[in-house]
Amino acid sequence: MIPFITSICAAAIVYAVSILYAAIGEIFSQRAGIMNLGIEGIMLMGAMTGFVTVYHTENLLFALLSTIIVGLVLGLAFAFLTVTLQADQTVCGMAFLIFCSGLSGFLGKSVTGIASAVKFQQIDIPVLSSIPVIGEIFFQQDFFVYLMYLVIPLSIFYIYKTKAGLMLRALGENPASLDQAGINVFAMRYGYIMFACAMTTISGACISLSYTNFWNEGMTGGKGWIAFSLVAFSRWNPAYAVLGALLFGGISILGMNMQVYLPGIPSQFYGMLPYAATIIALIITTGSFRKKHSEEPAALCQKYDREDR
Amino acid sequence: MKKGTLRFEKKQTVSLRRKILNPVVFILLGFVFSSIFIIANGFQPIPVFAKMISYSLLNTKGLIGSINAALPLMFCGLSVAIAFKMNLNNIGAEGQFAMGAIFGGAFALYGPSLSAPLSSVVMFFLCALGGCLWALLAAALKAFWKVNETIVTLMLNYIALLFLDYLCYGPWMAPKQTTAMTVKIPESLFLPVINGTSSGLILAILVAVLLYLFLKYTAAGYQISVIKNSLSTAEYAGIPVKKFILIVLALSGALAGIAGFVQVTGIVHRVQAQLPGGSGYTGIVIAYLSQCNPLAIILVSVLFGALQNSSSVVQIMGVPSQIVTMLQGTLMISVIAGEFFNRYRIAFYKAERNDYTSERNDDNQEPKKRNDDNQESKKGAVQ
């Protein structure tokens with residue numbers, strides 16, 4: 001029983017990490033007042049870019065770099081549309097979703113379904129990995145998981161304990177007051193959107209370079225959306241996002257494993273679990289029957305126009 | 001500052017000519033933009049586009065194929081548009097489509113056999129009901145608990161598609177089949193075909209006209225536009241917003257469900273896994289490009305039907321069929337960017353003098369007046 005539980009926990013962590021990059025990125029973006037609905041598509045672009053690079057160069061570092069560059073470029077485009085041209089964020093996000101999922105399928109067609117020679121391998125942390133149970137769950141993972149161990153505390157520290165984090169929170173609540181204080185609101189938004197998109201593409205790379213080692217059209221299969229709803233679920237706090245990601249990870253991994261133990265139920269019903277769980281979690285955390293006031297950034301989804309101030 | 005500066009300034013009104021010309025220009029730019037990716041993938045864009053257009057629009061057979069491919073898109077476009085009209089994002093047309101097909105399919109495959117026109121009518125309403133109920137799940141959450149309808153409708157897509165998958169691989173699967181599809185539905189349920197075009201087109205045009213009249217000339221249509229423009233005004237005026245959320249999303253879902261009806265009875269004549277095939281998402285693009293005008297949706301859908309129809313011919317040239325989705329996205333982004341120039345004009349200032357040196361051929365007079373004021377005040381200063 002114990003090996004079964006540890007293997008499920010370890011798999012849940014891998015799953016959680018693959019959506020956490022995108023979710024934390026989106027938390028930053030939404031805290032800056034920009035909602036990016038295109039996560040799912042951008043993640044696919046990341047997965048495709050990473051895989052195509054690895055396929056041609058067999059170099060994981062190049063793959064990671066190219067993924068980040070693609071993320072930054074997509075972020076720049078998204079920021080240009082939503083910040084400079086002040087287009088509607090929801091519509092823009094949907095356009096990016098469709099564009100990126102199409103483009104990733106189009107450019108990645110030639111390498112569909114082929115396994116790559118290299119992928120991120122499991123690295124055992126010397127002493128820690130030999131601790132029974134805990135070592136197996138936390139310290140026999142790969143690069144993306146260890147990087148995430150750094151990203152989580154850093155992002156929490158950044159948002160709540162630094163001056164830049166304070167400005168970020170203000171940006172999502174009241175950009176006009178920041179502008180009056182002489183801070184370049186537009187540049188800040190550009191920066192956070194690009195950061196968010198780069199994080200989202202890393203999530204995608206996680207899926208095509210570590211979770212699996214192939215590329216398939218639409219391979220994220222809704223993970224981007226789960227990451228997106230995780231943001232509202234976590235009430236814009238990376239710490240809760242971690243808990244939520246582990247919860248979703250646990251549910252979907254359990255679903256996959258239950259199939260083996262309870263074959264009577266068709267696999268499609270297990271496949272529905274994470275989506276149903278997302279809806280339920282969303283109702284519980286954002287439903288208006290909650291007495292507590294919403295932590296949603298007040299300027300979320302609102303374009304900032306100096307002339308309207 | 002010695003050099004002149006470029007500035008954007010807001011326009012108060014947009015002429016109708018501009019409103020139509022602007023998307024057209026930016027759609028063309030979108031094609032240019034997407035050429036970059038086509039070249040990056042090692043193909044020649046111009047022959048590809050030429051082949052797509054000549055195959056799917058410039059001959060009768062191709063055009064008929066395009067219109068048939070456009071039928072479900074028309075209903076999905078209308079479905080998304082009516083929700084957009086009230087600032088609701090229904091990106092669940094895909095799932096509502098699937099649910100409509102499931103409800104209708106259950107009747108067609110296992111329901112009692114009725115006489116010919118009656119059975120079609122029953123199936124039509126069952127499909128609409130399926131989509132409607134699926135959308136109402138999200139609508140109720142939105143209306144009563146203010147849960148974000150965007151995410152809920154999307155998650156429901158995945159659930160509906162998995163359920164359709166289960167049915168088509170499981171209990172509904174046709175015997176001696178390896179692909180996930182049911183047996184053909186009874187022929188009495190097929191939509192009649194007129195000159196190769198499915199009569200679903202008449203249904204689509206009828207629904208679009210009704211929707212247009214409803215939005216433009218009824219009190220409810222007006223109230224919807226009030227809710228879109230200002231929620232607080234609507235609440236103050238006593239418009240039952242919750243009721244409208246339920247009604248509009250139910251209607252939206254029903255339209256997507258009817259897309260399922262058209263697809264099953266008019267085109268594939270059976271229920272199969274992945275039946276919607278992305279139509280729900282294409283509907284978003286169509287609704288946006290047509291600026292939610294139901295009549296424009298019919299026309300734009302035909303263009304998108306042509307895109308989809310031509311995906312098979314470009315595949316023969318070796319171009320991946322995903323070019324269609326990519327083009328849809330590029331066009332949408334391009335038109336979004338173009339929208340900006342409907343709201344703003346570019347003005348060129350010379351910094352030393354305060355006059356406007358830009359060309360102004362728009363119908364907006366306000367800046368001119370300001371200009372005159374400026375000159376007057378300058379004169380005053382000199383005197």
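Residues numbered from 1 in each chain as written. Chains lettered and ligands numbered in written order. Predicted model: local features only at pLDDT ≥ 70, side-chain atom pairs only at ≥ 80, totals over all residues.

Quick notes on the overall build of chain B
Counting its secondary structure elements, chain B contains 15 helices and 4 strands. Among the 383 residues that make up chain B, the fraction classed as buried is 45%. (Helix = DSSP H or I, 4+ residues; strand = E, 2+ residues; numbered from the N terminus. Buried ≥ 20, exposed ≤ 12 C-beta atoms within 10 Å, placed from the backbone.)

Focus on the overall build of chain A
Within chain A, the secondary structure is distributed over 12 helices and 2 strands. Along chain A, from the amino end to the carboxyl end, the secondary structure elements read α-α-α-α-β-α-β-α-α-α-α-α-α-α. Expected size for 309 residues packed as a compact globule is a radius of gyration near 19 Å; at 20 Å, chain A falls within 12% of this value. In terms of principal-axis extent, the alpha carbons of chain A reach across some 60 × 50 × 40 Å. The burial tally for chain A puts 49% of its 309 residues in the buried class. Taking as baseline every contact in chain A between residues at least 6 positions apart, the subset at least 24 positions apart corresponds to 80%. (Rg over C-alpha atoms; globule rule 2.2 N^0.38 Å. Contact = placed C-beta atoms within 7 Å.)

Points about the interface of chain B and chain A
Chain B puts 40 residues into the contact, and the matching count from chain A is 41 residues. Contributions of two or more residues to the side of chain B that touches chain A are made by helix 5 (116-145), helix 6 (149-169), helix 11 (279-289) and helix 14 (323-343) of chain B. For the side of chain B that touches chain A, the element with the most residues is helix 14 of chain B, which contributes 12 residues. Along the lines of polarity and charge, the residues of the side of chain B that touches chain A split into 26 nonpolar, 10 polar and 4 charged. (Nonpolar A, V, L, I, M, F, W, Y, C, P; charged D, E, K, R; others polar.)

Re the environment of B:Ala40
Take B:Ala40: it is sitting in helix 1 (residues 16-40). Sequence separation between B:Ala40 and B:Ser199 is 159 residues; the distance between their C-alpha atoms is 41 Å.

Comments concerning unusual backbone geometry
Residues and elements named next belong to chain A. Positive phi values are uncommon outside glycine, yet Val133 reaches one of about 55 degrees. Take Val133: it is sitting in the loop between strand 1 (123-124) and helix 5 (134-138). A tally of 12 C-beta atoms within 10 Å means that Val133 is categorised as exposed.

Details of the packing of helix 10 (residues 223-233) of chain A against helix 6 of chain B
Helix 6 of chain B packs onto helix 10 of chain A with a crossing angle of 150 degrees between their chain directions and a minimal axis gap of 11 Å. Relative to helix 6 of chain B, the element helix 10 of chain A lies roughly antiparallel. Judged by the sense of rotation from one axis to the other, the crossing of helix 10 of chain A with helix 6 of chain B is left-handed. Residues A:Trp225, A:Phe228 and A:Ser229 of helix 10 of chain A touch helix 6 of chain B, and the partners they reach there are B:Ile151, B:Leu154 and B:Met155. A class-by-class count of the residues in the contact of helix 10 of chain A with helix 6 of chain B yields 5 nonpolar, 1 polar and no charged. (Axes fitted to C-alpha atoms, helices over the stretch in contact; angles between N-to-C directions. Parallel < 35°, antiparallel > 145°, perpendicular 65-115°, else oblique. Left-handed = near helix turned anticlockwise from the far one by under 90°.)

Describing helix 11 of chain B
All names here are of chain B. Within helix 11, 11 of the 11 residues are buried, which leaves the element mostly enclosed by the surrounding structure. Here helix 11 has its buried residues at Ser279, Gly280, Tyr281, Thr282, Gly283, Ile284, Val285, Ile286, Ala287, Tyr288 and Leu289. Phi turns positive one or two residues past the end of helix 11, at Gln291, with a value near 50 degrees.

What to know about the nonpolar core
If you look at the biggest cluster of nonpolar residues, it comprises 207 residues, and the most contacted ones within it are A:Leu20 and A:Ala23. In terms of residues, this core owes the most to one element, helix 9 (residues 185-211) of chain A, which gives 16 residues. (Core = buried A, V, L, I, M, F, W, Y, C linked by C-beta atoms within 7 Å.)

Quick look at the packing of helix 4 (residues 93-110) of chain B against helix 11 of chain B
Packed helix pairs are specified by the crossing angle of their axes together with the interaxial distance, meaning the distance between the axes. All names here are of chain B. Two elements in contact, helix 4 and helix 11, have axes separated by 6 Å at closest approach and are oriented at 130 degrees. Taken as axis vectors, helix 4 and helix 11 run oblique relative to one another. Relative to helix 11, helix 4 is oriented so that their crossing is right-handed. Across from Ala93, Glu94 and Phe97 in helix 4, the residues of helix 11 making contact are Ser279, Gly280, Tyr281 and Gly283.

Details of the environment of A:Gln141
Residue and element names in this part refer to chain A. Structurally, Gln141 can be placed in strand 2 (residues 140-141). Classification of Gln141 as buried rests on a count of 23 C-beta atoms within 10 Å. The sequence separation of Gln141 and Val14 amounts to 127 residues, and the corresponding C-alpha distance is 7.8 Å.

Section: helix 6 of chain B
One turn of the α-helix equals 3.6 residues, which is why residues spaced by three or four share an orientation. The end-to-end C-alpha separation of helix 6 of chain B is 30 Å, in line with the 30 Å expected for 21 residues at 1.5 Å each. With 18 of 21 residues buried, helix 6 of chain B is to be regarded as a mostly interior element. (Expected span 1.5 Å × (residues − 1).)

Quick notes on the environment of B:Phe43
Residue and element names in this part refer to chain B. Looking at the element boundaries, Phe43 is found in the loop between helix 1 and helix 2 (45-56). Remark: the alpha-carbon pair of Phe43 and Val319, spanning 276 residues in sequence, is separated by 7.5 Å. Among all residues touching Phe43, those that are not within four sequence positions of it are Ile38, Val48 and Val319.

Some remarks on the confidence of the model for chain B
Residue and element names in this part refer to chain B. Summary statistics for chain B give a mean pLDDT of 84 and a share of 90% for residues scoring 70 or more. When the criterion is pLDDT under 50, residues 357-383 qualifies, and its contacts beyond four places in sequence or with other chains add up to 18 contacts. The ipTM, which scores confidence in the relative placement of chains, is 0.88 for this predicted complex, and the corresponding pTM is 0.86. (pLDDT = per-residue confidence, 0-100.)

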